[in-house]
Every structure is written in structure tokens, then in C-alpha cells.
Amino acid sequence: MENQKLEACYSEHSSTIFSEMLGEDENYQRLKKAKIAAEEALQNVISKEAWKQYLALDEICNELECARCKTMYLAGAADCKKLEE
């Protein structure tokens, strides 16, 4: 039950907090623009099937990163809860 509360808290706050933090970060914006430019260049030189595979791999990487962030958040919340007790 406690894990469900922590996960609900994560879901409620994480996307807003990370979006606000990263939206104002100049380095993040620079890297985001560089990634978009690199993806556009890649798309122009590889086949459509290879591009589809790249997008599938990118989606998997995004899901893994999301799981990593969620795990770090939940671990920190659990540690905080232990300190409160």
C-alpha cells in the first residue's frame, strides 16, 4: 500500500517538476536541439526500415530512463520515510 502512495506521488509530480526544471536549462535545450538535428540528418541517410528500428530503440531507451528516474525517486522517498520514523 505504501509503494502505491509513493508511486502515485511520483506520477503526480515528476513530469511537472522535470519539465519545469529542464525547460529552463540552457544545456538541456542545447542538447535537445543537437539531438533533433542529428536525428534529421540520420533520417536522410538511412532506409525507412532502419529509421523505424532507430525510433523503436529510442522509445525503449526513453522507457528505461523513465524507469531509472522512477526507481531513484521511489528509493529517495522510501529513505525519507525511514528517516521520519
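Rules of the game
Residues numbered from 1 in each chain as written. Predicted model: local features only at pLDDT ≥ 70, side-chain atom pairs only at ≥ 80, totals over all residues. Heavy atoms only, no water. Phe/Tyr/Trp six-rings, centres within 6.5 Å; stacked < 30°, edge-to-face > 60°. Helix = DSSP H or I, 4+ residues; strand = E, 2+ residues; numbered from the N terminus. Buried < 20%, exposed > 50% of the residue type's maximum accessible area, 1.4 Å probe, protein only. Contact = heavy atoms within 4.5 Å. Expected span 1.5 Å × (residues − 1). Polar contact = N/O pair within 3.5 Å; in protein donor to acceptor, adjacent residues only side chain to side chain. Disulfide = S-S within 2.5 Å.

S.K.: Got a minute to help me understand the packing of aromatic side chains in this structure?
M.R.: Here a ring pair, both rings aromatic, is described through the centre-centre distance and the interplanar angle of the planes. According to the stated counting rule, one finds one aromatic pair in the structure shown. With centroids separated by 5.2 Å and ring planes inclined at 25°, the aromatic side chains of Trp51 and Tyr54 adopt a geometry described as stacked. With Trp51 and Tyr54 both in helix H3 (residues 48–84) and three residues apart, this pair spans about one turn of that helix. For Tyr54, a relative accessible area of 24% corresponds to the partly exposed category.

S.K.: Help me out: how do you make sense of the side chain of Asp58 in this one?
M.R.: Among the structural elements, Asp58 can be located in helix H3. Ignoring sequence-local partners within four residues, the contact set of Asp58 consists of Lys35 and Glu39.

S.K.: Help me out: how do you make sense of H3 in this one?
M.R.: Residue pairs spaced three or four apart in an α-helix point in one direction, given the helix's 3.6 residues per turn. Taking 1.5 Å per residue as the helical rise, H3 with its 37 residues ought to reach 54 Å, and the 54 Å between its terminal C-alpha atoms agrees with that figure. Looking only at H3, the buried set comprises Trp51, Asp58, Leu74 and Ala77.

S.K.: Which parts of the structure should I look at to understand the environment of Thr71?
M.R.: Among the secondary structure elements, Thr71 is positioned in helix H3. Overall, the relative accessible area of 51% leaves Thr71 in the exposed class. A distance of 2.8 Å separates a polar side-chain atom of Thr71 from the backbone oxygen of Ala67.

S.K.: Teacher, can you tell me more about the state of the cysteines here?
M.R.: In protein structure, a disulfide is the covalent linkage between the sulfur atoms of two cysteines. Throughout the structure, instances matching the rule amount to zero disulfides. Unpaired in terms of disulfides, Cys66 finds its nearest cysteine sulfur in Cys69, a separation of 6.9 Å. A relative accessible area of 44% means that Cys66 is categorised as partly exposed.

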